[in-house]
Amino acid sequence: MSLIESIITELRVPDLPYPVGQPVPAEHPLWYRTLSQAWGAGSDERVVTHLQRVDAVWSMRQVNAAYLADRIMNVFLRRSGLHPYLVHRAARLRFWLALDLEAHGDRAVAEERPLRRWLDSLQALRGWSRTGGRSDRPVETHLAAMEKAVGKALEAGDEQPIETCVSDWSEQIRRQAEQAERVAARLWQTESGAAGQRAAEQAVRAALSRTCRGRRLPNALLTFIDGDWRGLMRRAALVYGVDSEAWRHALRLLEWLIWVGDESLCGQDRNRLYHVGEQLTDKLVQVVAMVEGHDPEPRRFAAVDTLLAKRLRDEPVDQEPADMPEADPRWLDKPDQQQRKEASSWVGRWYLYEADGQQIRQFLTGLLEETGEVLWTNARGAKLGVESFRSVLARFEAGELTQLPDAYPFAAVLKDTLSSLQRVLESQRKQREQARDKARQEAEALRRAQEEALEEERRREREREEREAREREEAAQAARNEDEAERVSEAAELWAKVLAEVDRLEAGSWIQLGSGDEAVRLKLALRIRASGKMVFVDRYGLNRREILREELASRVRDGEAQLLSEGAEFADTLSRVVGRLRVGG
């Protein structure tokens, strides 16, 4: 039995209109008519509320189907993340869902069913806002069509009208998604280019504001700077960026031009003036070629050449204040990498804010790195605005902007709802089982007592056997300990005897080291009792070898050496040993 089927047939919820006593036959016509009338009346109340109002006996399956439909839709209302108006309209489908659950059980929420597909498709409207504009019309039209299809399905007792409506809606959603993706892609390309141009213009303004502030320049030079050189710097910033070599050279030459143009600056250092005069025009040509990709026309820098000639001849030049509008110097800085890293976690998410009492949703499409701005779009991919990322952070911290929670589709709603009810059902099953167990306890009391007595006897028998086994083991261990002590005593006695035999060796005594072909026979030549050292030689008195007393005793004990007869020749000794062996055999 499936989980949904178990919930419908077994669950008991307090204060619901369950039948009393034995199960009753289901009143299908009344059940169907009650829910159809509630749908037709546009009711937003729970299905269970309508059942409680009718003086009828409902089957357990009908009551639980109504309760489960209410529970699923209530969770969907709270957690879907969709616009409240949209979810409110969708939640009215609880009446159709209750009928479907009572009739088909778990098949009512299968993935292929039209109601399930429609509820899943609503995630495509996650960014939809009810603003009263044209974008509301397609959604409002479809909601009306869906309500009409459900009404027809209730009248005909067939879900085909719903199937047709959901199929048309799915196709419409697919086309809208593809169109929104294309619109958003084109918009991003356009806004990226515009952002680059804004950043370049702002960087040029900041450079001119910083270098020209408080300076007096000739009108011709000021015209050249504000026209020709402004355009070149804008192109350098746009094409290469403010951290490029082209921009740095253009900015440096702007400072040279200001220095040459302001007599209060260049008049203080004639040597530098000559140096700058020799290089300035050539540097201008180089930077133009670097930025524009070709050499400039010869007369392009005529105003600069004329000014340089007058300065070098020390001729008077009319000057006027170089008034440039104030600009934010931050535009001259490199792109903020930290800001880009922080903004990456904001991109691709939906956000909402309140405006005129309405909930407005907007999608953060991306960060325009050149300007530090973000691009806001709506659900159709259309532009809502461009805003600095700093402003977005400020609004978020002030509580004016809220991040929309992650998508919570109907499948997750269904899973959580069923998991919660499953725990309740299991708890009720456990309680019922406990009640049955309690009824059986008295009948089984005697049997348990007999089993306990028998188990006690078995336990005592096991204890006796274990005690006897321990006693046997202890006795065996004592015997092993006694054998070990005897072995240690015999080993000590043997060692003492071997030491005594070694100590009885005197000069002229023979020993044999090794056995077989590798045996070596040596004669004791000298014994130093103070150190226990013994000096042995062969039969010729050569090949001297020193052996300690304990070492020789250890070899004798281990069979690596033999003590031969004192003062006898080796051959005689060997004959006597063989003879004794034969006699012993």
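Just above, that's the structure.
The structure displayed is predicted, hence computed values, not measured ones. (Residues numbered from 1 in each chain as written. Predicted model: local features only at pLDDT ≥ 70, side-chain atom pairs only at ≥ 80, totals over all residues. Heavy atoms only, no water.)

1. Some words on the pattern of salt bridges
Side-chain pairs of opposite charge can arise where the charged atoms are in close proximity. Selection rule: Salt bridge criterion: a side-chain nitrogen from Lys or Arg within 4 Å of a carboxyl oxygen from Asp or Glu. In DSSP terms, a helix is any run of H or I states spanning at least four residues, a strand is any run of E spanning at least two, and both are numbered starting from the N terminus. Burial here depends on accessible area, computed with a 1.4 Å probe over protein chains only, as a share of the maximum for the residue type. Under 20% is buried, over 50% is exposed, and the range in between is partly exposed.
One pass over the structure, following the stated rule, counts 55 salt bridges. For the salt bridge of arginine 210 with glutamate 255, the shortest nitrogen-to-oxygen distance reads 3.8 Å. Of the two residues, arginine 210 sits in helix H9 (residues 160-212) while glutamate 255 sits in helix H11 (residues 245-261), which places them 45 residues apart along the sequence. Its relative accessible area of 42% is what places arginine 210 among the partly exposed residues. What emerges from the salt-bridge pattern is a single network uniting Asp44, Arg89, Arg92, Arg130, Glu140 and Glu147.

2. With respect to the packing of helix H4 (residues 60-79) against helix H17 (residues 410-441)
Relative orientation and spacing of two packed helices are given, respectively, by the angle between their axes and the distance between those axes. How we decide: Convention adopted: a line fitted to C-alpha atoms gives each axis, helices being fitted over their contacting stretch, and angles between N-to-C directions are expressed from 0 to 180 degrees. Each angle gets one of four labels, with under 35 degrees taken as roughly parallel, over 145 as roughly antiparallel, 65 to 115 as roughly perpendicular, and the rest as oblique. Definitions for this section: a left-handed crossing has its near helix turned counterclockwise from the far helix by less than a right angle. A right-handed crossing has that turn clockwise. What makes two residues a contact is simply this: any of their non-hydrogen atoms within 4.5 Å. Here the term charged refers only to Asp, Glu, Lys and Arg, the term nonpolar to Ala, Val, Leu, Ile, Met, Phe, Trp, Tyr, Cys and Pro, and the term polar to all other amino acids, Gly among them.
Between H4 and H17, the least distance of the axes is 9 Å, while the angle of their chain directions is 130 degrees. As summarised for this structure, H4 and H17 are arranged oblique, according to the angle between their axes. You can see that H4 and H17 cross each other, and the crossing is right-handed. On the side of H4, the interface is formed by Tyr67, Leu68, Arg71, Ile72, Val75, Phe76 and Arg79, while H17 contributes Phe410, Val413, Leu414, Asp416, Thr417, Leu418, Ser420 and Leu421. Residues that form the contact of H4 with H17 fall into these classes: 10 nonpolar, two polar and three charged.

3. Considering the environment of glycine 133
With respect to the helices and strands, the residue glycine 133 is situated in the loop between helix H7 (114-121) and helix H8 (136-156). Residues glycine 133 and threonine 211, spaced 78 residues apart in sequence, show a C-alpha to C-alpha distance of 49 Å.

4. A word on the packing of aromatic side chains
Heads up, the condition is: By convention, a stacked pair of Phe, Tyr or Trp rings (six-membered ring in the case of Trp) has centres within 6.5 Å and planes under 30 degrees apart, an edge-to-face pair has planes over 60 apart, and any other such pair is tilted. We count a charge as sitting over a ring when the NZ of a lysine or the CZ of an arginine lies within 6 Å of the ring centre and within 35 degrees of the ring normal.
Taken as a whole and assessed by the stated rule, the structure comprises 10 aromatic pairs. Measuring from ring centre to ring centre gives 5.8 Å for tryptophan 346 and phenylalanine 389, while their planes differ by 90 degrees; the resulting arrangement is edge-to-face. Here tryptophan 346, found in the loop between helix H15 (337-344) and strand S3 (350-355), pairs with phenylalanine 389, found in helix H16 (residues 389-397); they are 43 residues apart in sequence, far enough to count as distant. You can call phenylalanine 389 buried: its relative accessible area is 0%. Connected via pairs of aromatic rings, a cluster forms that spans Trp346, Tyr351, Trp376, Phe389 and Phe396. Sitting over the face of the ring of tyrosine 18, arginine 12 holds its NZ or CZ atom 4.8 Å from the ring centroid. The ring centre of tyrosine 353 lies 5.7 Å from the NZ or CZ of arginine 395, which sits over that ring.

5. Overview of the sheet that holds strand S5 (residues 373-377)
As a reminder, the rule being used: Any two strands are treated as partners once DSSP identifies two or more bridges connecting them.
In spatial order, the strands read S6-S5-S4-S3-S7; together these five strands make up an open sheet with antiparallel pairing. Looking along the sheet, the strands with just one partner apiece sit at the ends: strand S6 (383-388) and strand S7 (402-403). Pairing of S5 with S6, which is carried by five bridges, proceeds in the antiparallel orientation. Looking at the pairing, glutamate 373 lines up with serine 388 of S6. Contacting S3, strand S4 (358-368), S5, S6 and S7, H16 runs over the sheet at an angle of about 90 degrees to S6.

6. Topic: the pairing of S4
When you tally the buried positions in S4, you get eight out of 11 residues, the bulk of the element. Taken together, the six bridges between S3 and S4 define a ladder with antiparallel strand orientation. The partner of leucine 352 across the bridge, within S4, is arginine 361.

7. Digging into unusual backbone geometry
One non-glycine residue with positive phi stands out, namely aspartate 15, at about 70 degrees. Mapped onto the elements, aspartate 15 comes out in the loop between helix H1 (3-10) and helix H2 (28-40). Residues other than glycine seldom take positive phi values, yet aspartate 314 does so here, at roughly 60 degrees. Position of aspartate 314 among the secondary structure elements: in the loop between helix H14 (302-312) and strand S2 (320-321).

8. Structural notes on the environment of alanine 65
Structurally, alanine 65 can be placed in helix H4. By relative accessible area, which is 0% here, alanine 65 ends up buried. In this structure the C-alpha to C-alpha distance between alanine 65 and asparagine 543, which are 478 residues apart in sequence, comes to 111 Å. Not counting chain neighbours up to four residues away, the residues in contact with alanine 65 comprise Trp31, Ala98, Leu101 and Glu102.

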